[in-house]
Structure formats: C-alpha cells, structure tokens
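This is what each chain is made of:
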Amino acid sequence: MSLGLVKNIVIVGGGTAGWMTAAAMSALISNGCKIRLVESDEISTIGVGEATIPVIRGFNQLIGVDENEFLRQTQGTFKLGIEFVNWSKQGESYIHGFGVIGRDQLLAKFYQYWLKLYQAGKAPGVEHYSINTMAASMNKFMRAASDSGDSPLSDISHAFHFDAGLYAKYLRGLSEGRGVQRTEGRIVDTVLRADDGFVEAIVMENGERIEGDLFVDCSGFRGLLIEGALKTGYEDWSHWLPCDRAIAVPCESVSPLLPYTRATAHDAGWQWRIPLQHRIGNGHVYSSKFMEPEQAESILMNNLDGKPLAQPRHLKFTTGKRKRAWNRNVVAIGLAGGFMEPLESTSIHLVQTGITRLLMMFPHLGYDQADIDSFNEATDNEYAAIRDFLILHYKLNTREGKPFWDYCRNMEIPATLQRRMDLYRSNGRIVRASDELFTETSWLQVMHGQGLRAKGYHPLVDQRSEADIAAFLANVKDVVLRCAEHMPTHEEYIASCCAA
Ligand code: FAD
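Residues numbered from 1 in each chain as written. Predicted model: local features only at pLDDT ≥ 70, side-chain atom pairs only at ≥ 80, totals over all residues. Heavy atoms only, no water.

Can you break down the nonpolar core residue by residue, with the values?
Counting residues in each nonpolar core, the largest one holds 144 residues, and the members touching the most others are Ile 9, Tyr 394 and Leu 473. Here this core takes nine residues from helix H10 (residues 369-395), the largest share from any one element. Membership of the second largest hydrophobic core comes to 15 residues, among which are Ile 187, Ile 210, Phe 215 and Val 330. (Core = buried A, V, L, I, M, F, W, Y, C linked by side-chain atoms within 4.5 Å. Buried < 20%, exposed > 50% of the residue type's maximum accessible area, 1.4 Å probe, protein only. Helix = DSSP H or I, 4+ residues; strand = E, 2+ residues; numbered from the N terminus.)

Tell me about the site of the ligand, and please be specific about residues and values.
In the vicinity of the ligand there are 32 residues, among which Gly 14, Ile 43, Ala 51, Ile 187 and Ile 348 approach most closely. Between Ile 348 and the ligand, the recorded distance is 2.8 Å, taken from a backbone N or O atom to an oxygen atom. For the ligand, whose free accessible area comes to 1000 Å², the fraction covered by protein is 98%. At the level of elements, helix H1 (16-28) and helix H9 (347-360) are the ones that each hand at least two residues to the shell around the ligand. The residue inventory of the shell around the ligand, partitioned by class, reads 15 nonpolar, 13 polar and four charged. (Near = heavy atom within 4 Å. Polar contact = N/O pair within 3.5 Å; in protein donor to acceptor, adjacent residues only side chain to side chain. Areas by Shrake-Rupley, 256 points an atom, 1.4 Å probe, with all protein chains shown as cover. Nonpolar A, V, L, I, M, F, W, Y, C, P; charged D, E, K, R; others polar.)

Outline the environment of Val 85, supporting the account with residue identities and numerical values.
As for its placement among the helices and strands, Val 85 is situated in strand S4 (residues 81-85). Judged by its relative accessible area of 17%, Val 85 falls in the buried class. As for Val 85 and Thr 264, which are separated by 179 residues in sequence, their C-alpha atoms are 4.6 Å apart. Once residues within four sequence positions are removed from consideration, Val 85 is found in contact with Glu 92, Ser 93, Arg 262, Ala 263, Thr 264 and Ala 265. (Contact = heavy atoms within 4.5 Å.)

Explain the environment of Ala 201 to me, and be specific about the residues and the numbers.
Among the structural elements, Ala 201 can be located in strand S9 (residues 199-204). Note on Ala 201: relative accessible area 0%, which makes it buried. Note: C-alpha distance between Ala 201 and Gly 212 (eleven residues apart in sequence) is 6.1 Å. In contact with Ala 201, not counting residues within four places along its chain, are Thr 190, Val 191, Arg 209, Ile 210, Glu 211 and Phe 215.

Structure, rendered in structure tokens:
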C-alpha cells in the first residue's frame, strides 16, 4: 500500500457513535477528505445511552455546540452525579458526585484530613464537602460560576442527560451541514483486498459498492466490519461484570426534576432512572444467569415513578471489549468496540475518546502498524481502568443471601483492583494513572459509599492539630452548604437555559 492521504472515510452506522464521529471529523478534517455515513432505517439504533459524564462538554466544544441549544434540541437536563440506592446494603444510599471535594492542601489531599476526623467520629460523611453532592441532594443546579474566586460555586462540575434519538438527529443536522454524505440502506457484504485483508468496500442491498480508505465501524453490537468481516475477536468480561441483559422503558416525568442519575440495586442487577425534560428514561440491567426476563420486567414496571410511555424493550449484551479496536483499516467506535454496561455512564465517553484518539493517530494510506498498536494499547488501558471501577461497585456489597450479590462479593477480581482496594484499606491512599478517567474523589466516594473503610490516614496530616483540622473541615462544610442553598432549583435553571 502506498503512502498518501486518506481521502475517503466511511462511517458504518448512524447511532450515537456514528453521528458523533461524523460531527467531529467534519468539524476537524478539512483537507478535501470525503466523509460518508451509511445507516439503515430498518436496523434500529440502541437508543438508550442517555446519561453522560462531564468530559462530554469538551466534545461539545470541539464540535462547536452551544450548550443551551443542545439542551433545547435534545430535551436535555443537567447531571451532577449518580445516586446509588441499596448498593452496599438494602436501605442505604450514597451519591457519587462529579468534581472536587473540599480543598486539597500542600501536604495531603482534603480527604486525608477528613478521614482522620471521620475515623475519630468527629466529622460527618464526605458528601458534606462536595458542592455537587450537596446541590444534588437539594435538587439545585447552576453552572460553575467563573467569577466566584475560591468559592465552591466555581467547582460545580456538570454533565448531561439527553434523549439519545434527538441527540443523533441533532448531530446529523450538524454533520450534513458540514458536508457529510449520508447513505441509507442495509449493508449486506464486505469486500476484502486479496493481498492484505484490508477492507476495500462495503456492498449495499441494492448492489451499490462503497469504497473507502478508512472505515469506522459504528455498527453497534454487530461489529459488522471489525468482527463480521475481520474476525478480530472479543474479550468476554462477564465473569467480572455479570449483567448481560437490559430492559428499557420511558415513563412520564414527575416533579422535582432531579439533577442526577439514580441507580437502584435489585436482586440480580440494578435499575437506572434518567430524568429528561419530557420524560424519564428507565431500565433494568440484570444477569440472565440469576433472573428470568419476565421477573426482571415486572420489577422494572413496578418501580417506575410515572406512567409508562411505551412497551418495554429487551436488550442483550456481553460485557467486554474487542481484542483490537483498530484492525487493518477498520477502527471500531461505540458498541462495535465493546461494552462494559451503563453503571457509570462511560460508553459515550469511550466513543468520544475513541474519536479523539483516532484523530491524534490519524493514518496515512500506508497504515503504520506502530500507530495502530499504540492506539490499541491506549484503548486497552482505558477500558481496563474503567472496568476495575465498575467491578468495585459489585464486589463491595453486603447484600447477603442474594445469589447474584453473593457471587459478586465472592468473585475473583483483577489484581489491579485488588491492589487499589488494599491500598485504600490501609491508609486511605488512592493512586491512579494521570490519564485515567475516574479521579481520586470518584474512587473515594464509591469505595467509601460501598462500605470499604480505611484503617488509617496519611501520617503527615498529624502535623496539624486536631482542632485546626476540625475548624478547617467545619468551614468547608459550612461554605458548601451555603453555596448549595444559594443555587436555583434544577427546574428553574433548565427553564432559564431553554427560554427562547
Ligand atoms: P447503535 O446505536 O446500535 O447504532 C448502530 C448503527 O449501525 C445503527 O444506525 C444501525 O442502523 C447501523 N447498522 C447496523 N448494521 C447495519 C447494516 N447491516 N447496514 C446498515 N447499517 C447498519 N452509554 C452512556 O454513555 N450512558 C448511558 O446511560 C448508557 N446507557 C446504556 C444502557 C444500555 C442498556 C445499553 C445497552 C447501552 C447504554 N449505553 C450508555 C451505551 C450507548 O447506548 C452506546 O454507547 C451509544 O448509543 C452508541 O451506540 P452505537 O452508535 O455504537 O450503536
């Protein structure tokens, strides 16, 4: 294959992954490259990815999206974190709020000071020091105030909930406006080059042959090119993340409009609740080894806050990832690349990082294997770190007597996760790679929220007197509370953003 420029990009699939890829590429590639997206109206998109994490805002900026317009177009709402109900044990809940907690000090992180007093029974839960969590628990919201100096109001970190169908439609409008060509129809075959097995073309049901230099496989769980044509293989992680089914159903909205996702544990999985402006998205994620579909559906339908707006939809998946996200001239993005279940809303983020990484490692026609290997290694590391964070939620449960939860509590876990738990258990230390998605405060909130207790704390914390630390913590708690009280309600804030 000769060196030269990639001139023809073919995106296979028009779900969230396909249209995000099209929107980003059409915004950033302007060297005469042709971008074509192929999707079939007969093959529906998964349509349930509706909760995000704050990094989505970087993507919106990258593709030039105005946040208020985006909220209007997608019936979107703001998200400050995730509430986990009944996860560590029945009747208990905690919030994993985005953003910082307290104010880190020169010598040690804020939470080390908190740990010391918490262990002595002299400080309340860590949620009192997080503006995101306090605001969420009061149904308050505002965007971070850039002009409020060192106030917690400048720490507010938000993501969105949105209607996945409307999001894809919105991105389609943007992409087509920037020259992306959309072809509707079913792909029925793939032509591979005889010499190197690269994909030469896809073949449509009507016989049309669409050639490309680079194919981005966004065909969902099918993995039409990455698996169907190239047989790349899949790493199955269901022994660690055993949920393999979901049932989704929207219901009518109810007041108040919560600024967070709720994840409620059930006997063999958990239920999501995603509040949008026009409806609530709900779903029950469960393990088919431990529950029948009829029972899972009945649990979901009995736990809706409003009247259902559609028939429940049953979905199947296998948690894990494609062995190589990039194989020859095919890059898998979205569900075609893997799926680790929706617990921490990481899939759309992985779409985003897949696109960014592809743009950073954008190939010549020569396709350097070193580029491909580097892309795949970075993808593998990213998946592994997220995987460990998700397993943590299941592993640390005390829901004894429930076979699914007993399995999760007793299962072998990756050594990388075991080390993190051991490290925290001793002196409350949390170590992570600098490019990992989840921050120390995320790990802290989930480890603590799931009931893992650190025995000690950072020894240098003792350089300050207990009275001094107590005053420091009390001040942070007080300021956070007053800031949260000062914020408008989520409903009021959405109304002001969406006013014409
Ligand atoms: P899909 O939406 O499945 O799109 C596939 C596309 O390929 C479609 O356009 C289809 O027409 C096309 N296609 C397939 N075969 C052919 C063919 N032969 N010919 C032509 N076209 C074809 N992510 C989050 O970040 N947050 C969440 O809260 C969240 N919740 C989820 C809950 C569940 C139960 C599941 C399963 C996933 C969830 N996700 C979530 C993941 C998220 O939905 C996906 O990552 C995201 O929607 C991207 O999907 P996709 O575009 O890869 O695939």
